[in-house]
Amino acid sequence: MGSDGRNQHDEKLEAPLIPQGRLIPFVVVTALFFLWAIPNNLNDILIRQFMKSFEINRSGAAGIQIWFYLGYFLLAVPAGQLMHKFGYKLGIITGLVLLGTGCLLFYPAAQMGIYGFFLVAQFVIASGLSFLETASNPFIAQLGPTASSERRLNFSQAFNPLGSITAGLIGTLFIFSGVKHTDAETAAMQAAGTYQSYLHAETLRVVTPYLVLGAVALLWAVLVVLTKFPPTGAEDVSREDAGPAKDVPLFQRHFVFAVLAQFLYVGAQVGTWSYFIPYVESATGVGDKAAGYMLTGTLAAFAVGRFSSAWLMKHFEARTLLGIYSVVNVVLGLVAVMRPGWVGAMCLLTTSLFMSIMFPTIFALGLKGMGEKTKTAGSLLVMAILGGAALTKVMGMVADSSSLQAAYLVPVICFAGVALYAWFGGEHREAESGELSS
């Protein structure tokens, strides 16, 4: 390693994680990573629950993810433009209000028993989350030195899987009824005219968790209003980015590849988790509650990976860890495809440990050297979350036409793409000086 390399490594080790005087806004915004993980991961529960209560197949239930990530995609750029003019704080408040409103819409949707109404509510929720992610990720990355941005964002993102675990527990305890009727029992209920009432009761089980979540989101919006944000919340200030901000191009090589990698990663993550419960049920024969607890286990592995990565990145390059973790997940995914059963289920569970660093690391690497383009770049990276909708739909189609095990080849291919990005497309040293990467 040359002197420049040693100096950059020492800079990363010495750079403070949270600058003095910025702890309160850091805590307030970091809590949002926990909060938005709950509706994100309740989608996995909703897919399984609505397949039961609305009697739809896996491809039809993928509408939950499609409408959800469509909201992310369509609102990301407006969110970035709003924050470019008025700062991150207003973007966060707007996101929380939209999130709360979408959650409250679950009540009339359940009362009416219309699947399409739930999809509209999902779109509103995702619109709010698009604002929150477009604001919070770059805000945390810019809250301190660029040299510690990956560690800082990984630390804040570590609270995201804690929200995911909470969602898994909420869904398993309060949404899943654990009731699974045989064909004979279903036929008897239909003959007695009670089957539709049973399906409606199953639909109503989703209401209370979303009403509570909506209330929390609106209360947190009030707290954000009362919190004083530092200047970086309104401006793209980065002392380490050299060169005039106006000369920084948007479509730098490392950033474009980061958007593509984020699309693939989110598709892999969402697809893996969305069909995890059906995979476990079909591969092991356990019920939905037991599979739900296993989903909570995979989210716990995700949390362990996030917190450990914040420490590991003080000793290893972020891109190196990203590449190694991606290759490990390719292997685990292939085992899940070829060995369905408890071995495959445990491999899928373990993939979350290695998925943990991918989103924040790709996001932070993509923002390197973007200067005044940071808010726009952040919104495009959030738009890449559309991969969660597109590739989950592809998985559903493969599952319906072939098998659920074969559908897991989709995330395997995605992880291979992320590995290629880590090794060949994530370099940002020249971008940090305001030049287009070669």
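Refer to the structure printed above.
Residues numbered from 1 in each chain as written. Predicted model: local features only at pLDDT ≥ 70, side-chain atom pairs only at ≥ 80, totals over all residues. Heavy atoms only, no water.

Colleague: Describe the overall build of the protein chain, with residues and values.
Modeller: Within the protein chain, the secondary structure is distributed over 22 helices and zero strands. Counting all 438 residues of the protein chain, 57% fall into the buried class. Look at the contacts in the protein chain between residues 6 or more apart in sequence, and 87% of them connect residues 24 or more apart. Summed over its atoms, the accessible surface of the protein chain is roughly 16,500 Å², and 68% of this surface lies on carbon and sulfur atoms. (Helix = DSSP H or I, 4+ residues; strand = E, 2+ residues; numbered from the N terminus. Buried < 20%, exposed > 50% of the residue type's maximum accessible area, 1.4 Å probe, protein only. Contact = heavy atoms within 4.5 Å. Areas by Shrake-Rupley, 256 points an atom, 1.4 Å probe, with all protein chains shown as cover.)

Colleague: Pulling in residues and values, what's your account of helix α11 (residues 195–204)?
Modeller: Three or four residues apart is the spacing at which side chains of an α-helix point the same way, because the helix has 3.6 residues per turn. Here α11 has its buried residues at Tyr195, Tyr198, Leu199, Glu202 and Thr203. Seen from one end, α11 has its buried residues packed into an arc of 140°, which puts them on one side. Facing away from the buried side of α11, by more than 90 degrees, are the exposed residues Gln196 and Ser197. On its buried face, α11 is in contact with α2 (23–53), α6 (106–112), α7 (115–142) and α10 (183–192). (Arc of directions from axis to C-beta.)

Colleague: Lay out the pattern of salt bridges in plain terms, naming residues and giving numbers.
Modeller: When the charged atoms of two side chains with opposite charge come close together, those side chains can pair. Going through the model one piece at a time under the given rule, you end up with one salt bridge. Residue Glu202 pairs with Lys52 through a salt bridge whose shortest N-O separation is 3.7 Å. Residue Glu202 is located in helix α11, and its partner Lys52 is located in helix α2; the two are separated by 150 residues in the primary sequence. Lys52 carries the same exposure label as Glu202, and that label is buried. (Salt bridge = Lys/Arg side-chain N within 4 Å of Asp/Glu carboxyl O.)

Colleague: Please give an account of the nonpolar core that cites residues and values.
Modeller: In this structure, Ile92, Leu96, Tyr265 and Tyr408 are the most contacted members of the largest nonpolar core, which totals 126 residues. Once you skip the residues sitting within four places of it in the chain, Leu96 turns out to touch Leu32, Leu35, Leu132, Ala217, Leu218, Trp220, Ala221 and Val224. (Core = buried A, V, L, I, M, F, W, Y, C linked by side-chain atoms within 4.5 Å.)

Colleague: Account for empty space enclosed by the protein, with residues named and values stated.
Modeller: Summed over all chains, the structure comprises three cavities of 30 Å³ or more. Its volume calculated, the largest cavity comes out at about 250 Å³. Residue composition of the lining of the largest cavity, grouped by class: nine nonpolar, seven polar and three charged. (1 Å grid on protein atoms, 1.4 Å probe; cavity = no way out; pocket = protein on both sides within 12 Å on 5 of 7 lines; lining within 4 Å. Points joined across faces, edges and corners; volume = space filled by probe spheres on them. Nonpolar A, V, L, I, M, F, W, Y, C, P; charged D, E, K, R; others polar.)

Colleague: Quick rundown of helix α14 (residues 276–284)? Include the residues and the values.
Modeller: Where burial is concerned, most of α14 is hidden: seven out of the nine residues are buried. The set of residues buried in α14 consists of Phe276, Ile277, Pro278, Tyr279, Val280, Glu281 and Thr284. Once α14 ends, the next one or two residues include Gly285, with phi positive near 85°.

Colleague: Describe the packing of aromatic side chains, naming the residues involved and giving the relevant values.
Modeller: Aromatic ring pairs are reported here in terms of the distance separating the ring centres and the angle at which the planes meet. Applying the stated criterion to the full structure yields 20 aromatic pairs. Plain terms: the ring middles of Phe50 and Phe54 are 5.2 Å apart, the flat faces sit at 70° to each other, and that makes the pair edge-to-face. Centroid distance Phe50 to Tyr115: 6.0 Å. Interplanar angle 85°. Geometry classified as edge-to-face. With Phe50 in helix α2 and Tyr115 in helix α7, the pair connects residues that are 65 residues apart, well separated along the chain. An identical accessibility class is assigned to Phe50 and Tyr115; each is buried. One aromatic cluster is present, built from ring pairs that chain together Phe50, Phe54, Phe106, Tyr115, Phe118 and Tyr210. (Phe/Tyr/Trp six-rings, centres within 6.5 Å; stacked < 30°, edge-to-face > 60°.)

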